[in-house]
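Descriptive analysis of the structure
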Amino acid sequence: MRYLATLYSLLCLATLAFGSGRSIIRSRQATVSLDSIQSNGLQNIVTWDKYSFFINGKRLMLFGGEVHPYRLPVASLYLDVFQKIKSTGMNVVSFYVFWGILEPKRGEISFEGFRNLQPFFDAAKKAGIYLVARPGPYINAETTAGGFPGWGSYTAGLWRTSNQSYFDAYTGYIKTVGQKIADNQITKGGPVILVQSENEYSSWKSPYAEDKQYEQRLKQAFIDVGITVPITTNDAHPNGHYTSVDVWGYDSYPNNFDCSHPTTWSAAAVPENFWSAHLQYTPNIPNAVYEFQGGAFDGWGGSGYETCAILTGSDFERGMGLSIISGWSFSDMILSLLQERNCHVYDLFESLHGVYTSYDYGSAITEDRRLRDKYYELKLIGQFLAVSPAYLTMRPQNIGSSQGKFTGNQALKTTQLLDVVGNQTAFYVVRQTDASLNSAQKYTLTVSTSIGNVIIPSIGGSLTLNGKDSKIHLVDYLAGTTALVYSSAEISTWETIDGKDVILLYGGTGELHETAIKTSSTPTVVSGSGTIKTKSLSGGVLAIQYITSGQTVVQLGNTVLYLLDRANAYQFWSLQADTTSIIVKGGYLLRSAKVEGGTLALTGDLNSTTSFEIIAPSAASQKVTFNGVNLEISKTAYGTLTAKKSVTLPDVKIPDLTTLTWKKADSLPEISTNYSDAAWTTVNRTSSINPTAPTTPVVLYAGEYGYHTGNILWRAHFTATGSETAFKVKVSGGAAFAHSVWLDSTFLGSWEGDVLHANYEGTYSFPAGRLTQGSAHVITILQDHMGYEEDGQSASDKFKSPRGILSYSFEGSSGTKIDSWKVTGNLGGENYIDKTRGPLNEGGLYAERQGWHLPGFDDASWVAGKPTEGLASAGVAFFRTSFDLNVPVGVDYPISIAATNSTTNPYYRAQFYVNGYQFGKYINSIGPQKVFPVPQGILNYQGTNTLAISLWAAKATGARLDTLKLQLTAKIESAMQSIILQPAPAWSQRKGAY
Ligand code: IPT
């Protein structure tokens, strides 16, 4: 049994909140003087001192990731994500709440459909994960308007300040959402332990500065609604803004967001000033890093999330992650080393960086919930922290003078961390002085230990730091009753099992390492091909030298050492089965362990036939089952269990989309001569509070009329003077947007979009002789709305940057007037129709207004036509088909829609709807996204699915999707809980649809 403060704390919470308790005796956590513990005076469950947080009086390291529920609209998948996070050793998840989708119409807040937060709270609680709520009101998050509602774009007052009009705007939201969060606080048995106020309230447009009244009011608003857990905030950098919250902290993105250069790191990516900033601003609270790069977003035209996964991959997790947890800055709380922010179409709506319709982020867990390699690396860090409570009371000793320290090698920096409260355990964090370098550095480490000064390795040779690696060397580290005087190899985890301390030590493949142990026993290699050298040091200490390669097991007395290279270390899972700690090697993912009457029941996911090694108390593992199936176990020579589990991954038939029956209809009847726009919104505003002052006689900002998303259509009716030669129009839609222009039924041209232009002025020539004097015409403009800008700089009101028409004129005829303008976006605007799928699901295309994207619409009268055949001229076509899936239960087979790039007629964009949910926007000429994951639960894996596609061809030659298919991205036998279909209301006649 292992005795550790972190786990103890978590389970102590379990007693209180989750109803299942256990008693653990903690062996080596120094006592804290209770009068140094601080609280906000509103509760005493979540408290803190200058070293760390406490939960129920127990110290704990909060280490976690970020998940955005609104990006994964399948409530029954939350548990899967939380369990995957939990298995890394992490214990906390932070999450944003997106105001804009909850209150799309001012005063009408809805938690319908996927917007319901309760399943998210419940799943976290079930998985034993704490939550940090981040309700904004501003969240950034690469989300349209940074999370602000669309109606904010026409609401007066400077937002993100103490302006009364802004205060009036957010008060209702904070009250309603704050109440939901308050109900799920740990004080009420829920998982929420912290609430973040605002987000990166850290820079202001001149002449404005930090608005303390806003800060104070917002904090008070949370308290007034019943938030009693500590309130936090995340300064964008450790610059001391909004320190009046309970536990201030900051963010860090050391590798930035240029995924197209994934191996380029800056020389000093994490500045060494973080710790000193902490001491300067908030020396008496834990040093908290609330966002630490778990990945990177990628914009339209970007290099794709696989490159972001390299930029922030295993090297980054080690080189930067270990540094931040232990060296350059040192932190007692870290969130976001993992950012599992699943995508949904709602990711469309960011434009500052123009993020496309995925928020995979190159994170440890992919958008479709697969585990990347970096997940396993993260697990090494998470598991290590979970068994190393000494970390919590450590202090860095030599910030600012780390170069050449302890190694004598100027190419290396080493920070010494000392446990200043406990048993003087020390960590020495070694990394490249110049983080951009990849060189291999040889060194020895000279450190002071309980047996005096030693030079590691003691037996001869030298240590190596390879490339962008970083290492934590340990001194005087206690694992159960085994005293490690030092170890150059790192610990991934340890447990005391049946009286034996099982310690997992790892290093890079082929690296030389040395571990020194207080022992009177002689070590023997009991398994594996590795060899060891030993040397007796003073004080009854034995140094053991070895090369980390494969897996070698060494036994000495009551200590068992697993000497592992990294690939082997990745395979180990540390699991808690009620009162028993166990370690299991093998499996794509292990989720849980339970002991009942001598049977150890493991659950997890496998992607191939797997050999397990199980290290568990023998009384608790007389029999072992995996996902309910009995395993045939054998005993190794040194007492652990092995078992093989074969996996059969059933074949499933994925429908070939090109051979299905597809129906096609025109989705641009607006350009036909007999079309009436009488039901459209009349454009009649003549003034606007918008910081971008309108230059046109009537305001042509779609937002003013309640249209904040998707495709927007404009109609301009005019009477010709006869001398007009062209229509010049400047349209704003956000980066990568497009627009197309028609005169009556005649296509005039398009701006096809690129990554640079958030707005574009085009000149569209009229066909000669068409505009005779006195003739009546209509210009139709189709544009897309890529989302509002974020509002990163406070008091800039940048999120109000309009989407719509900024200016227009008639070439050749300055006197031509538009008699009337009409506009439409999604049917109903802010009175959006589909309360289940939410306000951002549909835009203003005719097909969307009619609900053609919904299941159950009768397309029998439509002609046959496939998206791979497309349309022959500029315009918008809409396609529908349906297909059956029959995926057996017990597996996790993620499915994506995939397209391939077409170069013949490249200028088109398509939107994909699955069972009515919009799941992606494909911009063929810009990319890079071609694969669009659709989660199970939106897709019906045991039934019929409706797929609908809009195709907007921006050139007269038309367009078609070159290929279109459904593909499996993984085949995994899975113990994830069964998936409940999200409600997918069927089509019904839409009243007043035009
Ligand atoms: C920081 C934001 O707080 C967060 O919402 C998200 O936008 C993140 O960045 C990037 O993914 S802002 C920081 C990069 C300046």
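Basis of the calculations
- Residues numbered from 1 in each chain as written.
- Predicted model: local features only at pLDDT ≥ 70, side-chain atom pairs only at ≥ 80, totals over all residues.
- Heavy atoms only, no water.
- UniProt positions renumbered as here; feature names shortened; annotations may be inferred.
- Helix = DSSP H or I, 4+ residues; strand = E, 2+ residues; numbered from the N terminus.
- Rg over C-alpha atoms; globule rule 2.2 N^0.38 Å.
- Buried < 20%, exposed > 50% of the residue type's maximum accessible area, 1.4 Å probe, protein only.
- Contact = heavy atoms within 4.5 Å.
- Areas by Shrake-Rupley, 256 points an atom, 1.4 Å probe, with all protein chains shown as cover.
- Lys, Arg positive; Asp, Glu negative; His and termini not counted.
- Charge placed at Lys NZ, Arg CZ, Asp CG, Glu CD.
- Pairing = 2+ DSSP bridges.
- Axes fitted to C-alpha atoms, helices over the stretch in contact; angles between N-to-C directions.
- Left-handed = near helix turned anticlockwise from the far one by under 90°.
- Nonpolar A, V, L, I, M, F, W, Y, C, P; charged D, E, K, R; others polar.
- Near = heavy atom within 4 Å.
- Polar contact = N/O pair within 3.5 Å; in protein donor to acceptor, adjacent residues only side chain to side chain.
- Disulfide = S-S within 2.5 Å.
- Domains from an automatic or database assignment.
- Phe/Tyr/Trp six-rings, centres within 6.5 Å; stacked < 30°, edge-to-face > 60°.
- Lys NZ or Arg CZ within 6 Å of the ring centre and 35° of its normal.
- Salt bridge = Lys/Arg side-chain N within 4 Å of Asp/Glu carboxyl O.
- Expected span 1.5 Å × (residues − 1).
- Arc of directions from axis to C-beta.
- pLDDT = per-residue confidence, 0-100.
- Parallel < 35°, antiparallel > 145°, perpendicular 65-115°, else oblique.

- The name an unreviewed UniProt entry assigns to the chain is Beta-galactosidase, from the organism Crepidotus variabilis.
- The record held by UniProt for the chain lists under Sequence similarities (unreviewed entry) the comment "Belongs to the glycosyl hydrolase 35 family."

Quick look at the overall build of the chain
- When helices and strands are tallied, the chain shows 12 helices and 57 strands.
- Scaling as 2.2 N^0.38, a compact globule of 994 residues should have a C-alpha radius of gyration of about 30 Å, and the chain matches this with 30 Å.
- Counting only C-alpha atoms and orienting by the principal axes, one finds that the chain spans roughly 105 × 60 × 50 Å.
- Here the chain, with 994 residues, has 66% of them falling under the buried criterion.
- For the chain, the share of sequence-separated contacts (at least 6 apart) that also reach a separation of at least 24 residues comes to 73%.
- Put simply, the chain shows about 31200 Å² of open surface, and 50% of that area lies on carbon and sulfur atoms.
- Charge-centre separation for the chain: the mean point of 77 positive side chains lies 3 Å from the mean point of 81 negative side chains.

Observations regarding the sheet that holds strand E31 (residues 589–596)
- Spatially, the 4 strands line up as an open sheet ordered E31-E32-E34-E35, and their pairing is mixed. Two strands close off the open sheet at either side, each with one partner strand: E31 and strand E35 (629–631). Across the sheet, the mean angle from the axis of one strand to that of its neighbour is 30°, orientation sign disregarded.
- Bridging between strand E34 (residues 623–626) and E35 involves 3 bridges; their strand directions are antiparallel. Bridging across to E35, Val624 finds its partner in Leu631.

Description of the UniProt feature "domain: Beta-galactosidase" (unreviewed entry) in the chain
- According to UniProt, the "domain: Beta-galactosidase" (unreviewed entry) feature falls on residues 391–572.
- From the first C-alpha to the last, residues 391–572 spans 22 Å; its make-up is 2% helix and 59% strand.

Details of the packing of helix H2 (residues 78–86) against helix H4 (residues 118–127)
- Between H2 and H4, the least distance of the axes is 9 Å, while the angle of their chain directions is 35°. Remark: the crossing between H2 and H4 carries right-handed chirality. Counting all contacts with H2, which are made through Tyr78, Leu79, Phe82, Gln83 and Lys86, the residues of H4 involved are Pro119, Phe120, Ala123, Ala124, Lys126 and Ala127.
- Within the contact of H2 with H4, the residues separate by chemical class into 8 nonpolar, 1 polar and 2 charged.

Regarding the site of the ligand
- As a structural note, the neighbourhood of the ligand is formed by 15 residues, with Tyr96, Asn140, Glu142, Glu200 and Tyr361 the closest of them.
- Tyr96 places a side-chain nitrogen or oxygen 2.7 Å from an oxygen atom of the ligand.
- Ile139 has a polar backbone atom sitting 3.0 Å from an oxygen atom of the ligand.
- Taking 380 Å² as the accessible area of the ligand by itself, protein coverage stands at 85%.
- Among the residues forming the shell around the ligand, the class breakdown is 8 nonpolar, 2 polar and 5 charged.

Observations concerning the state of the cysteines
- The final tally for this structure, using the stated rule, is 1 disulfide.
- Through a disulfide, Cys259 is tied to Cys308; the S-S separation comes to 2.1 Å. Residues Cys259 and Cys308 are joined by a disulfide whose S-S torsion is about 105°; by sign, that bridge is right-handed. Taken together, the residues Cys259 in the loop between strand E9 (247–252) and helix H7 (274–281) and Cys308 in helix H8 (residues 305–311) connect sequence positions 49 residues apart.
- Classification of Cys259 as buried rests on a relative accessible area of 1%.
- Classification of Cys308 by relative accessible area gives buried; the value is 0%.

With respect to the domain arrangement of the chain
- One can read the domain layout of the chain as domain 1 (34–371), domain 2 (393–591), domain 3 (657–666 + 833–973) and domain 4 (686–824).
- Between the C-alpha centres of domain 2 and domain 3 the distance comes to 52 Å.

As for the packing of aromatic side chains
- Under the criterion given, the structure shown has 64 aromatic pairs.
- Positioned above the aromatic ring of Trp680, the side-chain terminus of Arg715 is 6.0 Å from the ring centre.

Some points on the pattern of salt bridges
- Tallied over the entire structure, the rule returns 35 salt bridges.
- Put simply, Arg591 and Asp605 hold a salt bridge, and the shortest N to O gap is 2.8 Å. Of this pair, Arg591 sits in strand E31 while Asp605 sits in strand E32 (residues 599–605), placing them 14 residues apart in sequence. As far as burial versus exposure is concerned, Arg591 and Asp605 are alike and both buried.
- The partner of Arg990 in a salt bridge is Glu842, with the nearest N and O atoms 2.6 Å apart.

Quick word on helix H6 (residues 212–224)
- Between its first and last C-alpha, H6 extends 18 Å over 13 residues, near the 18 Å set by a 1.5 Å rise per residue.
- If you check which residues of H6 are buried, you get Tyr214, Glu215, Leu218, Lys219, Ala221 and Phe222. Along H6, the residues classed as buried sweep out an arc of 155° about the axis, all on the same side. Exposed residues on H6 whose side chains face more than 90 degrees from its buried face are Lys212 and Asp224.
- The secondary structure elements touched by the buried residues of H6 are helix H5 (164–183), strand E7 (192–196) and strand E8 (231–235).
- Backbone nitrogen of Gln213 and a side-chain oxygen of the N-cap are separated by 3.2 Å at the start of H6; the cap is Asp211.

Brief notes about the sheet that holds strand E20 (residues 482–487)
- Read across the sheet, 8 strands follow the order E12-E13-E14-E19-E20-E23-E26-E25 without closing on themselves; strand pairing throughout is antiparallel. One side of each edge strand has no neighbouring strand; the edge strands of this open sheet are strand E12 (394–396) and strand E25 (533–537). Strand-to-strand twist across the sheet, computed as the mean angle between neighbouring axes with direction ignored, equals 25°.
- Bridge count between strand E19 (residues 470–479) and E20: 5 bridges; the pairing is antiparallel. Paired with Tyr477 across the strands is Leu484, a residue of E20.

As for the confidence of the model for the chain
- A residue-level look at the chain finds 93% of positions with pLDDT of 70 or above and a mean pLDDT of 92.
- The model gives residues 1–31 a pLDDT under 50, and that stretch makes 83 contacts with residues more than four places away or in other chains.
- Within the model, the stretch residues 326–330 combines pLDDT values under 50 with 36 contacts to residues more than four positions away or in other chains.

So, the packing of H5 against H6
- Axis separation between H5 and H6 bottoms out at 11 Å; the angle between their running directions is 20°. By the angle between their axes, H5 is roughly parallel relative to H6. In the crossing of H5 with H6, the sense of the turn from one axis to the other is right-handed. Contacts from Gln164, Tyr166, Phe167, Tyr170 and Ile174 in H5 reach Tyr214, Arg217, Leu218, Ala221 and Phe222 in H6.
- For the contact of H5 with H6, the class distribution of residues is 8 nonpolar, 1 polar and 1 charged.

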